[in-house]
Amino acid sequence: MADEPIERQHQREREQERQRLREQEEKDLKVEAHRGSRPLEGFAGGHTTWTGAQDDQAAARVHAGDAEESWRASERQARLEPEPERRDEDDDA
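Residues numbered from 1 in each chain as written. Predicted model: local features only at pLDDT ≥ 70, side-chain atom pairs only at ≥ 80, totals over all residues. Heavy atoms only, no water.

**A short note on the pattern of salt bridges**
A side chain of one charge can pair with a side chain of the opposite charge if their charged atoms are brought near each other.
Then, number 1: Summed over all chains, the structure comprises six salt bridges.
Then, number 2: The residue Arg 20 makes a salt bridge to Glu 17 at a minimum N-O spacing of 2.5 Å. On the criterion of helical spacing, the pair formed by Arg 20 and Glu 17 is a turn pair, its members being three residues apart in helix 1 (residues 3-33).
Then, number 3: In this structure, the salt-bridge partner of Glu 69 is Arg 72, at a minimum N-O distance of 3.0 Å. Of the two residues, Glu 69 and Arg 72 are both situated in helix 4 (residues 66-79); the distance of three residues between them amounts to about one turn of the helix.
Then, number 4: Taking the relative accessible area as the measure of exposure, Glu 69 reaches 37% and is therefore partly exposed. (Salt bridge = Lys/Arg side-chain N within 4 Å of Asp/Glu carboxyl O. Helix = DSSP H or I, 4+ residues; strand = E, 2+ residues; numbered from the N terminus. Buried < 20%, exposed > 50% of the residue type's maximum accessible area, 1.4 Å probe, protein only.)

All quantities given are derived from atomic positions and should not be read as evidence of function.
Here you go:
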């Protein structure tokens, strides 16, 4: 019996979610029924003069020293000695 209120709450939440999804689907169908330009249509599939080579050139400049820096950081970490063990002052008392 204690589960009934919880189950009713879950059922109510599921029904609200189904209603929300139905409303969204309805909006989508209205938008799809209307022929015309979409707000971001020009941005999504538009032609550009940007080339992949430009990306490669920028990446080469920005990340030129990454491998060496990573290697140096790894070397520094490998040489670190373990931290000395802490002695609690309570043990001395």
